[in-house]
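The residues making up each chain are set out below.
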Amino acid sequence: MKREEQAFIDEDAEIVSFCKKGNVDAFEELVRKHQKKMLNIAFRMIGNYEDACEIVQDAFVSAYKAIRHFEEKARFSTWLYTIVVNLSRNRLNQLKIKNSREAFSMDDPILTDSGELAVELASSEPSVLERLEKRNVQQKVQECINALGNEFKEVIILRDMQGFSYDEISDMLKIPGGTVKSRLFRAREMLRNCLKRVMGDL
Amino acid sequence: MKCQDIQQKLSAYAEGIVPHEEKILIEEHLKSCPKCNESLASLRKTIDYVHSLKDVEPPAWLTQKVMAKIKAEVQPKKGIIQKLFYPLHIKLPLEAVVTALIAVITIYIFKTIQPEMKLAQAPSEHETVIARSPSKVDDEAISKEKIASPLARNDRKRLLLHEKSKDKENLISSSPPLEKTTPSSPPLEKGGKGGFDTEQTMPSKKPAPMDKLEEAPPPIQRQDKVRPSAGAVAKEEVKTEVLSRATKAKVSDEKREVVNVTVLVKDIKTARTEIETTLTQLGGKIIKTESFENKEVLTAEITSQKLTELIARLKSVGEVEEKEVDLGIHEGTLEIMIEIVK
């Protein structure tokens, strides 16, 4: 882990230094470069394109505001993705609260308790199944990801979709590498079970 | 290994990040366990499914919107700074600024006034002390001598003042005359030949009558100098003579001709310091230095005996151009103006 940290070369370092000096226009290049990955992280976490776009905008704005405080301990991109993960998480929490006020919600079971996998999936199963039947595989996978708890979503999106290393994920989520591994294992288990149900067979 | 343990490690195994020993164990188990095989296959499929999720493309307007938002965020920051100048917002900073300003002003005033006060007070005290102490001494002396008349006291004070003024004069006329006495005395002791020689040579140099007239005082001075060397005269007399000589010398200084020398050098500054050191080495006194754009002008006093040596030394510094230099004519101390030109 340490070896990797020492070895990394941040290709954005130069542009970041311009931005730190107050060059707003230099930041545009960083936006162009990273917006797609950020949008995909946000989109897969929230499951809504419009919301994801908003989160990406907010993430870039807060990144620019805080760029002076960015210490080059990690890659700028890692730092940027951390922001988008955090904002997505916050948005999901907001949505949860909003949904909990509604009489009935598909997300209800997730709200009950974070760690209770069996309860979550069991209770969310019927509604998820109904929704997924008419949709294609991509949507089914997305729905299953949506059904996961936030902390499981995060690891599965960052690792299996975006291909970040364990170290990078550990940096982004501020959790130990071992936790990343165990969470990923559990997330995959849950996802597999969900996919088995929605697709009949794997 | 139990199936449960294996299942837990399958996730890592699917990614190929398990230690070698574990890998062997898992692979051995997989050979004989269809259940675990099945879960590995489904796990891999799951990962594949996630991986196969297509990336969504960001909308074309996203970059522009982000930049617009950032620029909108950055500009209001200036507005916030402007808002700080509103009375409500400024209150604290303004107070801080004013406090700092007052502190600075106080220190400044204190710093500027304090030394002046010292200067103003100290000398006055000093003066009174000085003024009082001699008078006290006087008083004591007078009382000892039992001379009580104020007139006598006044006379004494006058005397004191006179002496003081003499001292001052001495100080003003300063070194040149004093210096003269010391170096010029040895040749005089040699039977005053030097003085006579010059006197004798003087008439032979008639072509420059003006110079001769101006050179007239020195011989008289020399004669004066002879007396102290003779030694029989009271000290006070010597003093007055020295003084008178000093005044005479001053007069002669005013009339004294200035020797102009131009030195062509490469580096004015170093040449100047060099010339200054040679001047001081030869017992000369630098009166003033003027620096112009392309030249430096050194005005100095030097005894005539040393003039030739000085010019010789100047030649080593740079190319010397002499203007109206007649070495034989000059006597005693003379003024030399050295122009250092590039």
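In this text the structure is predicted, and so the values were computed from the model without any measurement.

### Notes on the overall build of chain B
Here is step 1 of the chain: A tally of regular secondary structure across chain B gives 13 helices and 5 strands.
Here is step 2 of the chain: By the burial criterion, 17% of the 342 residues in chain B qualify as buried.
Here is step 3 of the chain: Look at the contacts in chain B between residues 6 or more apart in sequence, and 71% of them connect residues 24 or more apart.

### Comments concerning the environment of B:Ser304
Here is step 1 of the chain: Along the chain, B:Ser304 falls in helix 13 (residues 304-317).
Here is step 2 of the chain: Taking C-alpha positions, B:Ser304 is 9.2 Å from B:Glu335, a pair spaced 31 residues apart along the chain.

### Concerning the packing of helix 3 (residues 24-46) of chain A against helix 9 (residues 150-161) of chain A
Residues and elements named next belong to chain A.
Here is step 1 of the chain: Viewed as axis vectors pointing N to C, helix 3 and helix 9 meet at an angle of 135°, and their least axial separation amounts to 10 Å. Looking at the two axes, helix 3 sits oblique to helix 9. The interaxial crossing formed by helix 3 with helix 9 has right-handed handedness. Contact with helix 3, carried on its side by Ile41, Arg44 and Met45, involves Lys153, Ile157 and Met161 of helix 9 and no other residues of that element.
Here is step 2 of the chain: Grouping the amino acids of the contact of helix 3 with helix 9 by side-chain chemistry returns 4 nonpolar, no polar and 2 charged.

### Concerning helix 2 (residues 20-32) of chain B
Here is step 1 of the chain: If you check helix 2 of chain B, its first and last C-alpha atoms are 19 Å apart, about what 13 residues at 1.5 Å a residue would give, namely 18 Å.
Here is step 2 of the chain: Here helix 2 of chain B lies mainly on the outside; 1 of its 13 residues are buried.

### Comments concerning helix 5 (residues 76-101) of chain A
All names here are of chain A.
Here is step 1 of the chain: With 26 residues, helix 5 extends 38 Å from end C-alpha to end C-alpha; this agrees with the ideal 38 Å at 1.5 Å per step.
Here is step 2 of the chain: All of the buried residues in helix 5 are Phe76, Trp79, Leu80, Tyr81, Ile83, Val84, Val85, Leu87, Ser88 and Leu92.
Here is step 3 of the chain: Against helix 2 (13-20), helix 3, helix 4 (49-65), helix 9 and helix 10 (166-173) lie the buried residues of helix 5.

### Observations concerning the confidence of the model for chain A
Residue and element names in this part refer to chain A.
Here is step 1 of the chain: Taken residue by residue, chain A gives an average pLDDT of 81. The fraction at 70 or more is 79%.
Here is step 2 of the chain: Contacts for the low-pLDDT stretch residues 1-6, under 50 throughout, to residues beyond four places or in other chains number 3 contacts.
Here is step 3 of the chain: Segment residues 108-123 is flagged for pLDDT under 50; beyond a separation of four residues in sequence, or across chains, it makes 16 contacts in the model.

### Quick look at the packing of helix 11 (residues 177-199) of chain A against helix 3 (residues 34-52) of chain B
Here is step 1 of the chain: Look at helix 11 of chain A against helix 3 of chain B: their axes get within 9 Å of each other, and the N-to-C directions meet at 90°. It follows that helix 11 of chain A is roughly perpendicular to helix 3 of chain B by the angle criterion. On the side of helix 11 of chain A, the interface is formed by A:Arg188, A:Leu191, A:Arg192, A:Leu195 and A:Lys196, while helix 3 of chain B contributes B:Ser42, B:Leu43, B:Thr46, B:Ile47 and B:Tyr49.
Here is step 2 of the chain: Residues belonging to the contact of helix 11 of chain A with helix 3 of chain B are distributed by class as follows: 5 nonpolar, 2 polar and 3 charged.

Parameters and conventions
Every chain is numbered on its own, with residues counted from 1 as its sequence reads. Just so you know, chain letters begin at A and ligand numbers begin at 1, following the order they were written in. Given that the model is predicted, a residue must reach a pLDDT of at least 70 before its local features are reported, and side-chain atom pairs must reach 80 or more before they are shown or counted; all residues, however, enter totals for whole chains, interfaces and linings. A helix here means a DSSP run of H or I that spans at least four residues, while a strand means a run of E at least two residues long, and both kinds are numbered starting from the N terminus. Note on burial: count the other C-beta atoms lying within 10 Å of the residue's C-beta; 20 or more is buried, 12 or fewer is exposed, in between is partly exposed, and C-beta positions come from the backbone. Residue pairs qualify as contacts under a 7 Å threshold applied to their C-beta atoms, which are placed from the backbone. Angles shown run from 0 to 180 degrees and are taken between the N-to-C directions of axes, each axis being a line fitted to C-alpha atoms and, for helices, limited to the stretch in contact. Orientation labels follow simple angle bins: below 35 degrees gives roughly parallel, above 145 gives roughly antiparallel, 65 to 115 gives roughly perpendicular, and whatever is left gives oblique. The handedness criterion is simple: a crossing whose near helix is rotated anticlockwise from the far helix by less than a right angle is left-handed, and one whose near helix is rotated clockwise is right-handed. Basically, the charged four are Asp, Glu, Lys and Arg, the nonpolar ten are Ala, Val, Leu, Ile, Met, Phe, Trp, Tyr, Cys and Pro, and anything else, Gly included, counts as polar. Any helix carries an expected span of 1.5 Å times its number of residues minus one. A score between 0 and 100, pLDDT records how confident the predictor is in each residue.

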